[in-house]
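Spelled out, the chains give:
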Amino acid sequence: RCQQLASNLLHLLPQHSQQLKRAARLAPAPCRWNSGLPMNIGVLFVPQQEAWVVERMGKFHRILEPGLNFLIPLLDRIRYVQSLKEIVINVPEQSAVTLDNVTLQIDGVLYLRVMDPYKASYGVEDPEYAVTQLAQTTMRSELGKLSLDRVFRERESLNASIVDAINQASDCWGIRCLRYEIKDIHVPPRVKESMQMQVEAERRKRATVLESEGTRESAINVAEGQKQAQILASEAEKAEQINKAAGREANAMLVKARAKAEAIQLLAAALAQQHGNAAASLSVAEQYVNAFSKIAKDSNTVLLPANTGDVTNMVAQALGIYTTLTKPQAVKTQDEMPQTHEDSQSPAREMLKAEQGSSS
């Protein structure tokens with residue numbers, strides 16, 4: 001039987017859920033019940049964090065403080081009992097329209113404290129109910145100034161605005177609103193679906209942007225790496241060339257220069273000896289003849305003088321070139337060694353004749 005009753009209740013709950021929600025919205029705001037009014041027996045003990053408002057013959061007399069108090073029976077009457085503790089009130093769910101015409105269902109929690117028991121007793125009939133209604137109207141007016149997106153982003157500023165509006169109106173009631181917190185915000189199903197689609201589109205957009213930025217950064221990094229590699233390779237090649245030039249090639253050039261200088265010195269010393277000019281003439285003549293033979297081997301085009309058949313004339317021409325180059329030196333040394341010059345020319349002529357005979 002218990003299982004059958006439970007199943008019947010489960011079937012009935014979905015049918016009456018809407019009615020229960022509607023009844024909860026239309027129900028009055030929950031109020032805080034004060035403790036019962038105590039009787040005046042002359043000697044009274046007031047609890048901590050409570051204020052008892054006493055009337056004498058129907059007129060306000062005084063407020064009893066916590067502890068021992070004395071009153072006149074029959075004349076004094078305890079009219080109100082106010083709690084000085086922080087009071088928590090649930091603000092019922094209400095509908096509000098935002099700036100972009102979206103209907104929302106919002107409920108909240110209100111935190112109050114009685115600051116002046118006299119004003120709380122004589123300023124308003126039911127201070128808690130008055131503050132609750134003021135919180136609901138203020139909430140609707142503040143939501144009408146904001147769009148749906150700003151409602152979720154500026155939740156804290158919305159709470160602060162509601163608290164300021166309540167405190168301005170409840171100052172004459174002796175009540176101070178400490179804070180107001182929005183508990184739940186219910187969005188219509190269609191709006192919720194559109195918001196979900198918007199969030200998904202925004203996430204896809206961010207993913208695409210991040211992917212493109214990653215590709216861009218990767219390409220930039222690759223290009224920078226290639227650039228740095230080329231720069232480093234060119235610098236390394238330059239350093240290698242410099243090292244080669246400063247090392248082996250420089251040493252080779254120095255060795256060649258020293259060898260050439262020594263060769264020139266030896267040649268100069270040989271020319272200064274007896275019959276040196278004749279030997280130099282013979283060497284020039286040989287190089288002249290060898291040059292023509294190399295030209296004929298290396299290329300098809302050969303530049304020859306008009307009398308190529310006359311070897312004697314060619315050798316004489318080479319000796320004439322050498323004589324022209326060495327003429328200034330011969331003029332200087334003519335007075336000093338006339339006999340040596342003549343002796344040097346005669347062996348040269350004899351060697352040329354011998355070469356002509358062998359060539360013929």
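Please refer to the structure placed before this passage.
Residues numbered from 1 in each chain as written. Predicted model: local features only at pLDDT ≥ 70, side-chain atom pairs only at ≥ 80, totals over all residues. Heavy atoms only, no water.

S.K.: Looking at this structure, I do not really get the packing of aromatic side chains. What am I missing?
M.R.: The relation between two aromatic rings is expressed through the spacing of the ring centres and the mutual angle of the planes. Taken as a whole and judged by the stated rule, the model has four aromatic pairs. Judged by centre distance (4.8 Å) and plane angle (65°), the rings of F60 and Y118 are edge-to-face. You can see F60 sitting in strand 3 (residues 59–64) and its partner Y118 sitting in helix 2 (residues 117–122), a full 58 residues away along the chain. With 6.0 Å between their ring centres and 80° between their planes, F60 and Y122 make a pair best called edge-to-face. In this pair, F60 is assigned in strand 3 and Y122 in helix 2, connecting sequence segments 62 residues apart. Using a relative accessible area of 31% as the deciding quantity, one classes F60 as partly exposed. Residue classification places Y122 among the partly exposed residues on the basis of a relative accessible area of 34%. Here the aromatic cluster, defined as three or more aromatic residues joined through ring pairs, consists of F60, Y80, Y118 and Y122. The positively charged end of R79 is found above the aromatic ring belonging to Y80, 4.9 Å away from the centroid. (Phe/Tyr/Trp six-rings, centres within 6.5 Å; stacked < 30°, edge-to-face > 60°. Helix = DSSP H or I, 4+ residues; strand = E, 2+ residues; numbered from the N terminus. Buried < 20%, exposed > 50% of the residue type's maximum accessible area, 1.4 Å probe, protein only. Lys NZ or Arg CZ within 6 Å of the ring centre and 35° of its normal.)

S.K.: Any chance you could explain helix 5 (residues 155–170) here in plain terms?
M.R.: What sets the pattern is the α-helix's 3.6 residues per turn: residues three or four places apart point alike. The terminal C-alpha atoms of helix 5 lie 23 Å apart, and with 16 residues this matches the ideal 22 Å at 1.5 Å per residue to within 8%. Those residues of helix 5 that sit buried are L158, N159, I162, V163, I166, N167 and S170. The arc that holds every buried residue of helix 5, seen down its axis, measures 165°, which confines them to one face. On its buried face, helix 5 sits against strand 7 (103–114), helix 3 (127–143) and strand 8 (175–186). (Expected span 1.5 Å × (residues − 1). Arc of directions from axis to C-beta. Contact = heavy atoms within 4.5 Å.)

S.K.: Sorry if this is basic, but what is going on with the sheet that holds strand 5 (residues 76–83) here?
M.R.: Within a sheet, each strand pairs with its neighbour through backbone hydrogen bonds, oriented either parallel or antiparallel. Strands sit in the order 3-2-5 across an open sheet of three strands; the sheet is antiparallel. The outermost strands of the open sheet, each flanked by one partner alone, are strand 3 and strand 5. Strand-to-strand, the axes of this sheet are offset by a mean angle of 25°, without reference to chain direction. Of the strand pairs in this sheet, strand 2 (residues 50–56) and strand 3 are connected by five bridges, and their pairing is antiparallel. Bridging across to strand 3, E55 finds its partner in F60. (Pairing = 2+ DSSP bridges. Axes fitted to C-alpha atoms, helices over the stretch in contact; angles between N-to-C directions.)

S.K.: What's the story with the nonpolar core in this structure? I'm lost.
M.R.: When a protein is soluble and globular, its nonpolar side chains tend to lie buried together. Grouped together as the largest cluster of nonpolar side chains are 32 residues, with contacts concentrated most on L104, L110, L112, M139, I166 and Y180. Counting residues per element, this core draws most heavily on helix 3, at six residues. One finds L44, W52, V54 and I78 within the second-largest nonpolar core, a separate group that totals eight residues. (Core = buried A, V, L, I, M, F, W, Y, C linked by side-chain atoms within 4.5 Å.)

S.K.: Is there a simple way to explain the environment of V151 in this structure?
M.R.: Following the sequence through the fold, V151 ends up in helix 4 (residues 148–153). What makes V151 buried here is its relative accessible area of 0%. Setting aside chain neighbours within four positions, we find V151 in contact with T98, L104, L143, L146 and I185.

S.K.: What's the story with the sheet that holds strand 7 in this structure? I'm lost.
M.R.: Spatially, 6-7-8 is the arrangement adopted by the three strands of the open sheet, whose pairing is antiparallel. Whereas interior strands pair on both sides, the edge strands pair on one side only; in this sheet they are strand 6 (86–97) and strand 8. Between one strand axis and the next, the sheet turns by 20° as a mean value, whatever way the strands run. By the bridge criterion, ten bridges tie strand 6 to strand 7 in an arrangement that is antiparallel. By the bridge assignment for strand 7, I87 is matched with L112. Across the face of the sheet, helix 5 comes into contact with strand 7 and strand 8 while running at roughly 145° to strand 8.

S.K.: What is the right way to read the packing of helix 3 against helix 5 from this model?
M.R.: Pairs of packed helices are described in terms of their axes, by the angle between the two and the distance that separates them. Viewed as axis vectors pointing N to C, helix 3 and helix 5 meet at an angle of 135°, and their least axial separation amounts to 9 Å. What the angle tells us is that helix 3 and helix 5 run oblique. Crossing of helix 3 over helix 5 shows right-handed handedness. Residues V131, L134, A135, T138, M139, E142 and L143 of helix 3 form the contact with helix 5, whose own contacting residues are L158, S161, I162, A165, I166 and A169. Here the contact of helix 3 with helix 5 is composed, by residue class, of ten nonpolar, two polar and one charged. (Parallel < 35°, antiparallel > 145°, perpendicular 65-115°, else oblique. Left-handed = near helix turned anticlockwise from the far one by under 90°. Nonpolar A, V, L, I, M, F, W, Y, C, P; charged D, E, K, R; others polar.)

S.K.: Even after reading the chapter, I still don't get unusual backbone geometry, so can you show me in this structure?
M.R.: Peptide bonds are trans in most cases, and residues, glycine excluded, mostly fall at negative phi. In this structure, L74 is a non-glycine residue whose phi angle is positive, near 70°. Mapped onto the fold, L74 is located in the loop between strand 4 (67–70) and strand 5. Taking relative accessible area as the criterion, L74 reaches 86% and is therefore assigned exposed. The backbone of N101 shows a phi angle near 60°, a positive value even though the residue is not glycine. Checked against the element boundaries, N101 lands in the loop between strand 6 and strand 7. Assessed through its relative accessible area of 66%, N101 is described here as exposed.

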